[in-house]
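Overview (structure and organization)
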Amino acid sequence: MKILIVSCCIALGVFALSCTTESSGQKPLNPNGDSELALLMRLMYEDGMEIREQIRKGEKPDIEFDFENIHTAQATDPARMKTPDFDVFAASYVQAVQAYKNAGKAEAETYFNGIVTACMNCHKSVCPGPSVRIKKMFL
């Protein structure tokens, strides 16, 4: 589930990078800078890939970052990103993360893949660019 959430965040992060302006201490990937949403999605991806590997080892790691920030993080182009559709996809992602958190160790892979699926569904509709990266998170 954490992996799924992280995967979604990563996917959203890649998407946000193409749509954001706010910068962090990292070198911006977007010529306009990196927004809060882009940075969050990058974190989601990075953590998702780590969670994915831990699940492969038979563990069920916790999701550490504040995944619910997906609702409030600033995007580069809020008019494009913060739409009713995005809100529905973000809520679906949060539900997938909660399901992962409530799942047992034996169900970790299934619920993590649910998180990744939530990310893919949003990116298919809102910003397809990061989909190739997101697919790598599936177990």
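Shown above is the structure to which this text applies.
Everything numeric here is computed off the predicted structure, so don't read it as measured data.

Before going further, it helps to examine the overall build of the protein chain. Broken down by element type, the protein chain carries 6 helices and 0 strands. The secondary structure elements of the protein chain, listed N-terminal to C-terminal, are α-α-α-α-α-α. In the protein chain, which comprises 139 residues, the proportion classed as buried is 49%. Sequence separation of at least 24 residues holds for 74% of the intrachain contacts in the protein chain that already meet a minimum separation of 6.

Turning our eyes to something else, we now look at the packing of helix 2 (residues 36-56) against helix 5 (residues 108-125). Close contact between helix 2 and helix 5 brings their axes to 11 Å; oriented N to C, the two are set at 155°. By the angle between their directions, the pair helix 2 and helix 5 is classed as roughly antiparallel. Crossing handedness for the pair helix 2 and helix 5: left-handed. Contacts between helix 2 and helix 5 involve M41, G48, I51, R52 and I55 from the first element and A108, E109, F112 and H123 from the second.

Let us look at the pattern of salt bridges. For the structure shown, the criterion picks out 3 salt bridges. Taking the shortest distance from any N to any O, the salt bridge between R42 and D34 comes out at 2.6 Å. You can call R42 buried: its relative accessible area is 7%. With relative accessibility at 0%, the residue D34 sits in the buried group. For R52, the salt bridge identified is with E53, shortest N-O distance 2.8 Å.

What follows deals with the packing of aromatic side chains. Tallied over the entire structure, the rule returns 0 aromatic pairs. Directly above the aromatic system of Y100 lies the positively charged group of K60, at a separation of 4.7 Å from the ring centroid. Lying over the aromatic face of Y45, R133 brings its terminal NZ or CZ to 3.9 Å of the ring centre.

With 19 residues, helix 4 (residues 84-102) extends 27 Å between its outermost C-alpha atoms, agreeing within 8% with the 27 Å of an ideal straight helix rising 1.5 Å per residue. Along helix 4, the positions that sit buried rather than exposed are F86, A90, Y93, V94, A96, V97 and Y100. Viewed end-on, helix 4 has its buried residues packed into an arc of 155°, placing them on one side of the element. Seen from the open side of helix 4, the exposed residues pointing more than 90 degrees away from its buried face are P84, V88, Q95 and N102.

Thresholds applied
Residues numbered from 1 in each chain as written. Predicted model: local features only at pLDDT ≥ 70, side-chain atom pairs only at ≥ 80, totals over all residues. Heavy atoms only, no water. Helix = DSSP H or I, 4+ residues; strand = E, 2+ residues; numbered from the N terminus. Buried < 20%, exposed > 50% of the residue type's maximum accessible area, 1.4 Å probe, protein only. Contact = heavy atoms within 4.5 Å. Axes fitted to C-alpha atoms, helices over the stretch in contact; angles between N-to-C directions. Parallel < 35°, antiparallel > 145°, perpendicular 65-115°, else oblique. Left-handed = near helix turned anticlockwise from the far one by under 90°. Salt bridge = Lys/Arg side-chain N within 4 Å of Asp/Glu carboxyl O. Phe/Tyr/Trp six-rings, centres within 6.5 Å; stacked < 30°, edge-to-face > 60°. Lys NZ or Arg CZ within 6 Å of the ring centre and 35° of its normal. Expected span 1.5 Å × (residues − 1). Arc of directions from axis to C-beta.

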